[in-house]
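Secondary and tertiary structure notes
Here is what each chain is made of, one letter per residue.
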Protein chains: 2
Amino acid sequence: MSRARVHNFSISLDGFATGEGLSRDAPFGHAGERLHEWMFATRWWHERVGEPGGTSGLDDALVRQFTPGIGAEIMGAGKYGYPGWHEDQEWKGWWGPNPPFHTPTFILTHHTRPSIEMEGDTTFHFLDTSPAKALDTAREAAGGQDVRIGGGPTVIRDFLAAGLIDHMHVAVVPIVLGRGVRLWDGLEDLETDYDVEATSSPSGVTHLTVTRSGQ
Amino acid sequence: MSRARVHNFSISLDGFATGEGLSRDAPFGHAGERLHEWMFATRWWHERVGEPGGTSGLDDALVRQFTPGIGAEIMGAGKYGYPGWHEDQEWKGWWGPNPPFHTPTFILTHHTRPSIEMEGDTTFHFLDTSPAKALDTAREAAGGQDVRIGGGPTVIRDFLAAGLIDHMHVAVVPIVLGRGVRLWDGLEDLETDYDVEATSSPSGVTHLTVTRSGQ
């Protein structure tokens, strides 16, 4: 069965997945890259950016689940671009000519535009629709494989609230951001439908896996 | 040096230390006892309530730090009693005739009353003062030993914001409470002054120790 999965989604101790003050120069606002340093330290990341080294422990094993079995991604408008990107006809996302998705990638936005083919089999499609319908569309594009729900926090919350997420990997980073956009809001009693496993890593991060009960 | 310490302070994944709807019958509101079940399962707790059994692993080792070296406790009015307790002249706290503190115990409240001597060396004193002055008073009463900051979340936040906490043990319970009183609000960048260590327990709880850097 095709599952909807979240991977490598990082939040602070106080539950923020992004900071305040997002802009073209600050994709995560005042959070900067602090939520993702644990990931940059892994061998997986080093391989992606063509650098030697990187850690090979628990963090690396978990980040590597990002790609296998995924046939499409869905992301929110805020993950695709800076506030106002929809007025910029040249904007093609944050990731350069060869984005790391390598599948059809669906952007949920009220400002649709024609699809954009990138290098490396990533094609950006723009959808103005509900989470459930977007997931149907992405599943069909994934050809029976799983669909990654890429974020940001508002999109993941919407998919969780609609009961559409099957598996989620969250990394809790030991910092207090204080402000930004929270992951857990509006999800009271989530644990009644999901099995939650917490594993602390020597890096200081605590990995949560949140898996639909019975799956 | 006498330190100010927090122990066994439990929060949900979304950072709530107590729920909504607090009353005499529901000290933690809609959260019920869900934040503390991990603690009730320990051998330490079983010993306190005179029952055999209980777990002897990581959770038990950590809860046992509650007592050693502590010479006084400070707590907020909301930990001492239900909303409105100050109008109840018979109210002597939630803990029966022999409370588990066994030291001078200072309640921060705008509704002071004469001190109350309980069994087992617990005496309740009522103070209407600032965190810093309350800590001075409690330190003197502790005779050089450490002072436990007992909670609730608002009191711990106030003491953290004033830079008065030296060590804090927080247990993160894998539930999403959705509403209540949060621990981390207003503490942006707390990690710059504290070392944070996270250790997941087989029980499902993740223990955080938050220790002032350099101590």
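Not measured: the values here are computed from a predicted model. (Residues numbered from 1 in each chain as written. Chains lettered and ligands numbered in written order. Predicted model: local features only at pLDDT ≥ 70, side-chain atom pairs only at ≥ 80, totals over all residues. Heavy atoms only, no water.)

1. Some points on the pairing of strand S3 (residues 70-76) of chain A
Residue and element names in this part refer to chain A. Of all 7 residues making up S3, 7 are buried, and the element is well covered by its neighbours. In the sheet, S3 pairs with strand S7 (residues 146-149) via 4 bridges, with the strands oriented parallel. Counterpart to alanine 72 in the pairing with S7 is valine 147. In terms of strand pairing, S3 meets strand S4 (residues 104-108) through 4 bridges, oriented parallel. From the neighbouring strand, glutamate 73 faces S4, where its bridge partner is threonine 105. (Buried < 20%, exposed > 50% of the residue type's maximum accessible area, 1.4 Å probe, protein only. Helix = DSSP H or I, 4+ residues; strand = E, 2+ residues; numbered from the N terminus. Pairing = 2+ DSSP bridges.)

2. Focus: the relation of the copies chain A and chain B
By a simple turn and slide, chain A fits onto chain B: the slide is 0.0 Å along the axis, the RMSD is 0.0 Å, and the turn is 180°. The two molecules are tied by a two-fold rotation axis, judged by turn and shift. Considering only C-alpha atoms, the residue of chain A closest to the rotation axis is Ser200(A), which sits at 2.6 Å. With an isologous cut-off of 70% or more, the 100% of interface residues of chain A that recur at the interface of chain B puts this contact in the isologous class. (Least-squares fit on C-alpha atoms with pLDDT ≥ 70 in both. Contact = heavy atoms within 4.5 Å.)

3. Observations concerning the pairing of S4(A)
All names here are of chain A. With 4 of its 5 residues buried, S4 lies for the most part within the structure. Sheet topology note: the S4/strand S6 (residues 123-127) ladder contains 5 bridges and is parallel. Across the sheet, the residue bridging to isoleucine 107 is phenylalanine 126, located in S6.

4. Things to note about the interface of chain A and chain B
Listed per partner, the contact involves 25 residues of chain A and 25 residues of chain B. Surface buried jointly by chain A and chain B totals about 2000 Å² across both partners, of which 52% is contributed by carbon and sulfur atoms. Its largest share of buried area at the contact with chain B, chain A owes to Leu13(A), Val176(A) and Glu188(A), together 29% of the area lost on that side. Residue Asp189(B) is joined to Arg34(A) by a salt bridge in which the shortest nitrogen-to-oxygen separation is 3.2 Å. On the surface where chain A and chain B come into contact, there are 13 residue pairs in polar contact (both at pLDDT 80 or more). (Buried area = accessible area lost by both parts, 1.4 Å probe. Salt bridge = Lys/Arg side-chain N within 4 Å of Asp/Glu carboxyl O. Polar contact = N/O pair within 3.5 Å; in protein donor to acceptor, adjacent residues only side chain to side chain.)

5. As for unusual backbone geometry
Following Gly151(A), the chain continues to Gly152(A) via a peptide bond in cis, the omega torsion being 0°. Position of Gly152(A) relative to the elements: it lies in the loop between S7 and helix H6 (153-161).

6. Observations regarding the sheet that holds strand S5 (residues 116-117) of chain B
Residue and element names in this part refer to chain B. Within the open sheet, the 9 strands sit side by side as S5-S6-S4-S3-S7-S1-S8-S11-S10. Their pairing is mixed. Of all strands in the sheet, those with a lone pairing partner are S5 and strand S10 (194-200), marking the two edges. Here strand S1 (residues 4-12) pairs with strand S8 (residues 167-173) via 6 bridges, running parallel. Bridge pairing in S8 links serine 10 to alanine 171. Sitting on the sheet, helix H5 (residues 131-142) touches S1, strand S3 (70-76), strand S4 (104-108), strand S6 (123-127) and strand S7 (146-149), and the angle it makes with S3 is about 150°. (Axes fitted to C-alpha atoms, helices over the stretch in contact; angles between N-to-C directions.)

7. Focus on the pattern of salt bridges
Should their charged atoms come close, side chains of opposite charge can pair. In the structure shown here, the tally under the stated rule is 30 salt bridges over all chains. Among the ionic pairs, Arg139(B) bridges to Asp166(B), the shortest N-O distance being 3.7 Å. With a gap of 27 residues between them, Arg139(B) in helix H5 and Asp166(B) in the loop between helix H6 (153-161) and S8 connect regions that are remote in the sequence. Here the salt bridges share partners, and the residues they tie into one network are Arg43(A), Glu47(A), Asp60(A) and Arg64(A).

8. Quick notes on the UniProt feature "domain: Bacterial bifunctional deaminase-reductase C-terminal" (unreviewed entry) in chain A
Taking the numbering used here, the UniProt-annotated feature "domain: Bacterial bifunctional deaminase-reductase C-terminal" (unreviewed entry) corresponds to residues 8-191 of chain A. Between the C-alpha atoms that bound residues 8-191 of chain A there is a distance of 20 Å. The span itself is 23% helix and 22% strand. (UniProt positions renumbered as here; feature names shortened; annotations may be inferred.)

9. So, the sheet that holds strand S10 (residues 194-200) of chain A
All names here are of chain A. Spatially, 9 strands are ordered S5-S6-S4-S3-S7-S1-S8-S11-S10 in an open sheet, and the strand pairing comes out mixed. Each edge of the sheet is formed by a strand with only one pairing partner; in this case those strands are strand S5 (116-117) and S10. Seen against the sheet, helix H5 (residues 131-142) touches strand S1 (4-12), S3, S4, S6 and S7 and runs at an angle of roughly 150° to S3.

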